[in-house]
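Structural characterization, general
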Amino acid sequence: MKEFVNGKLDTCYRKPPNLKDVPDESKPVPKTADGTELHTRRKLKKVPAVRLFEDMA
């Protein structure tokens, strides 16, 4: 984002990307004492919500 005042650059900054939570496939799935997998307790990681390379293909 660039903001100009009287034709001159006043401020310039980058907006952070929109992030969404997705399951982290590199982490193991938590299990209960009897061995049942708890998919709802899986660790989450943040990834960009928009993938530009997928949109261009």
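What you see is a predicted model, and the numbers here were worked out from it, not measured in a lab.

Of the regular secondary structure elements, the protein chain holds one helix and four strands. In the protein chain, the succession of helices and strands from N to C terminus is β-β-β-β-α. Per-residue burial for the protein chain yields a buried fraction of 7% across its 57 residues. Surface exposure of the protein chain reaches about 5700 Å², of which carbon and sulfur atoms provide 55%.

Turning to the confidence of the model for the protein chain, a few remarks are in order. Summary statistics for the protein chain give a mean pLDDT of 80 and a share of 88% for residues scoring 70 or more. Per-element averaging of pLDDT across the protein chain places helix α1 (residues 52-56) at the bottom with 61 and strand β3 (residues 19-23) at the top with 88.

Quick notes on the rules
- Per chain, the residues get numbers from 1 upward, laid out in the order the sequence is written.
- Given that the model is predicted, a residue must reach a pLDDT of at least 70 before its local features are reported, and side-chain atom pairs must reach 80 or more before they are shown or counted; all residues, however, enter totals for whole chains, interfaces and linings.
- By convention in this description, side-chain values take in all heavy atoms of the structure and omit both hydrogens and water.
- Secondary structure follows DSSP: runs of H or I at least 4 residues long count as helices, runs of E at least 2 residues long count as strands, and numbering of each begins at the N terminus.
- A simple rule labels every residue: compare its accessible area, found with a 1.4 Å probe on the protein chains alone, to the largest value its type can have, and call it buried under 20%, exposed over 50%, or partly exposed in between.
- Accessible surface area values rest on a Shrake-Rupley calculation with a 1.4 Å probe, where residue burial reflects the displayed protein chains alone.
- One number per residue, pLDDT, summarises how confident the predictor is, and it ranges from 0 to 100.

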